[in-house]
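Examining the three-dimensional arrangement
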Amino acid sequence: MAVEIFYDADADLGIVQGRKVAIIGYGSQGHAHALSLRDSGVDVRIGLPENSRSRAKAEEEGLRVLTTAEAAAEADLIMILAPDTKQRQIYAEDIAPNLKSGDALFFGHGFNIRYGLIQPPADVDVAMVAPKGPGHLVRRQFVDGKGVPCLIAVEQDASGNAQALALSYAAAIGGARAGVIKTTFKEETETDLFGEQAVLCGGASALVQTGFEVLVEAGYQPEIAYFEVLHELKLIVDLMWEGGIAGQRYSCSDTAEYGDLTRGPRVIDAHVKESMRKILGEIQDGTFAKEWVAEDEAGRPNFTKLQEEGNAHQIEVVGKKLRSLMSWTNK
Ligand SMILES: NC(=O)C1=CN([C@@H]2O[C@H](COP(=O)(O)OP(=O)(O)OC[C@H]3O[C@@H](n4cnc5c(N)ncnc54)[C@H](OP(=O)(O)O)[C@@H]3O)[C@@H](O)[C@H]2O)C=CC1
Ligand SMILES: CC[C@](O)(C(C)=O)C(=O)O
């Protein structure tokens, strides 16, 4: 697939400004989309359960909050930004009964379509606008006049205009300031799951925790280990973000660069690459999706146990103390 990248000049904001948009969920992504769409002149309402903890936050921002079913019935563009594991039930109970021919059903991640958990009727557009960044930064960048790159995809083009609508929506949340790339639900879902498991969240967290443990177990002070492997990592990643890996190497010493070039591949060796390939395979053949849906249905016992263990790790205790002592933090 040859890359197609779109910018603000390619998008017609008027298309999404002409729609009635329901944002289902008001968490990390939901609040960012809703507030930025509103700032872009779009008619937005929020859909949440009566007992949702997010209701107060949306109402404090002056947004109109309805039940999920009411919001879906009123809107002609429904963006589902609830947790992936909850979307199938939300769709079946609250959205499907209120879908009208000609509506557009949007997703911020392709999980439920890619794995066949939601099967919309043929007479609605099914599209995706997936920002490539955490929702709080999607909003922060928009407010700062910047944007987080977005992926768009069309699964079903009932109107013949689904791609232009998705691009218009992406522009309204700031994505087209940075670049909007056309993809498929399959490519977005598989690369996104791989990225968060192997590199961005799973890989990076395990790398940092393991590096911290090696230093502390060898008798070094936990505070120094924290600054070395966690705090400084952000500064190094900022350099990568600005100028690529070459940019990072330019700003570091040649001693660091020699260690990077000769020792890095010993840490991330052929076994790690093989593990990454295995993880990708489990995403592609649906093993991970099946496991995650079953874990959620069982009340998340393993997830909760691992989450508690992670939160109790010494690096969290030391980090909390050190961050609270930084002069610029809000105590
Ligand atoms: N987090 C991110 O930055 C990214 C997320 N995505 C995708 O965006 C989607 C949303 O994820 P994220 O923003 O992290 O989710 P969050 O967990 O941050 O927020 C979920 C929201 O959905 C609400 N919710 C829960 N149940 C229902 C329901 N039955 N009906 C309506 N709303 C409900 C929650 O309310 P309550 O407060 O009551 O729990 C909350 O407001 C997912 O598809 C995810 O994969 C894509 C890119 C990045
Ligand atoms: C890296 C995690 C992410 O995929 C993201 C912020 O893009 C997510 O789903 O939260």
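Just so we're clear, the structure is a prediction, and the values are computed from it rather than from any experiment.

Examining the UniProt feature "domain: KARI N-terminal Rossmann" (unreviewed entry) in the protein chain
The UniProt record marks residues 3-183 with the feature "domain: KARI N-terminal Rossmann" (unreviewed entry), using the residue numbering of this structure. As a span, residues 3-183 carries 39% helix and 22% strand, and end to end its C-alpha atoms are 8 Å apart.

Topic: the pairing of strand E6 (residues 104-107)
Walk down a regular strand and you will see the side chains alternate between the two sheet faces. Alternating residues of E6 divide into Ala 104 and Phe 106 and Leu 105 and Phe 107, and every residue in both groups is buried. As defined by bridge partners, strand E5 (residues 77-80) adjoins E6 across 4 bridges and the pair is classed as parallel. Pairing of Ile 78 across the sheet is with Leu 105, part of E6. What joins E5 to E6 is helix H5 (residues 84-95), and the crossover it makes is right-handed.

So, the site of ligand 2
Lining the immediate environment of ligand 2, one finds Gly 133, Pro 134, Asp 192, Glu 196, Leu 200 and Cys 201. Contact distances for ligand 2 include 3.2 Å between an oxygen atom and a side-chain N or O atom of Asp 192. The side chain of Glu 196 places a nitrogen or oxygen atom 2.6 Å from an oxygen atom of ligand 2. Considered on its own, ligand 2 offers 290 Å² of accessible surface; in the complex 62% of this is hidden by protein.

A look at the site of ligand 1
Every one of the 25 residues lining ligand 1 counts as a neighbour, but Tyr 26, Gln 29, Ser 52, Ser 54 and Asp 84 are closest to it. At 3.0 Å from an oxygen atom of ligand 1 is found a side-chain nitrogen or oxygen belonging to Arg 53. A distance of 2.6 Å separates an oxygen atom of ligand 1 from a polar side-chain atom of Asp 84. Calculation on ligand 1 without its partners gives an accessible area of 900 Å², and the protein chains cover 75% of this total. Each residue belonging to the shell around ligand 1 can be placed in one class, and the counts come to 10 nonpolar, 13 polar and 2 charged.

A closer look at the sheet that holds strand E1 (residues 5-6)
Spatially, 9 strands are ordered E1-E9-E8-E7-E6-E5-E2-E3-E4 in an open sheet, and the strand pairing comes out mixed. A single partner strand is all that each edge strand has here, and the edge strands are E1 and strand E4 (65-66). In terms of strand pairing, strand E2 (residues 20-24) meets strand E3 (residues 43-47) through 5 bridges, oriented parallel. The residue bridging Val 21 from the neighbouring strand is Val 44, located in E3.

Some remarks on helix H12 (residues 222-251)
Residues spaced three or four apart along an α-helix face the same direction, because each turn holds 3.6 residues. Look at H12: only 26 Å from first C-alpha to last across 30 residues, short of the 44 Å you get at 1.5 Å a residue. The largest bend in H12 is about 125°, located at Gly 243. Listing the buried residues of H12 in full gives Pro 222, Ala 225, Tyr 226, Val 229, Gly 247 and Gln 248. The elements touched by buried residues of H12 are helix H11 (202-217), helix H13 (254-267) and helix H17 (314-325).

Conventions we followed
Residues numbered from 1 in each chain as written. Chains lettered and ligands numbered in written order. Predicted model: local features only at pLDDT ≥ 70, side-chain atom pairs only at ≥ 80, totals over all residues. Heavy atoms only, no water. UniProt positions renumbered as here; feature names shortened; annotations may be inferred. Helix = DSSP H or I, 4+ residues; strand = E, 2+ residues; numbered from the N terminus. Buried < 20%, exposed > 50% of the residue type's maximum accessible area, 1.4 Å probe, protein only. Pairing = 2+ DSSP bridges. Right-handed = clockwise from strand over helix to strand, strands pointing away. Near = heavy atom within 4 Å. Polar contact = N/O pair within 3.5 Å; in protein donor to acceptor, adjacent residues only side chain to side chain. Areas by Shrake-Rupley, 256 points an atom, 1.4 Å probe, with all protein chains shown as cover. Nonpolar A, V, L, I, M, F, W, Y, C, P; charged D, E, K, R; others polar. Expected span 1.5 Å × (residues − 1). Bend = angle between axes of the 7 residues up to and from the residue. Contact = heavy atoms within 4.5 Å.

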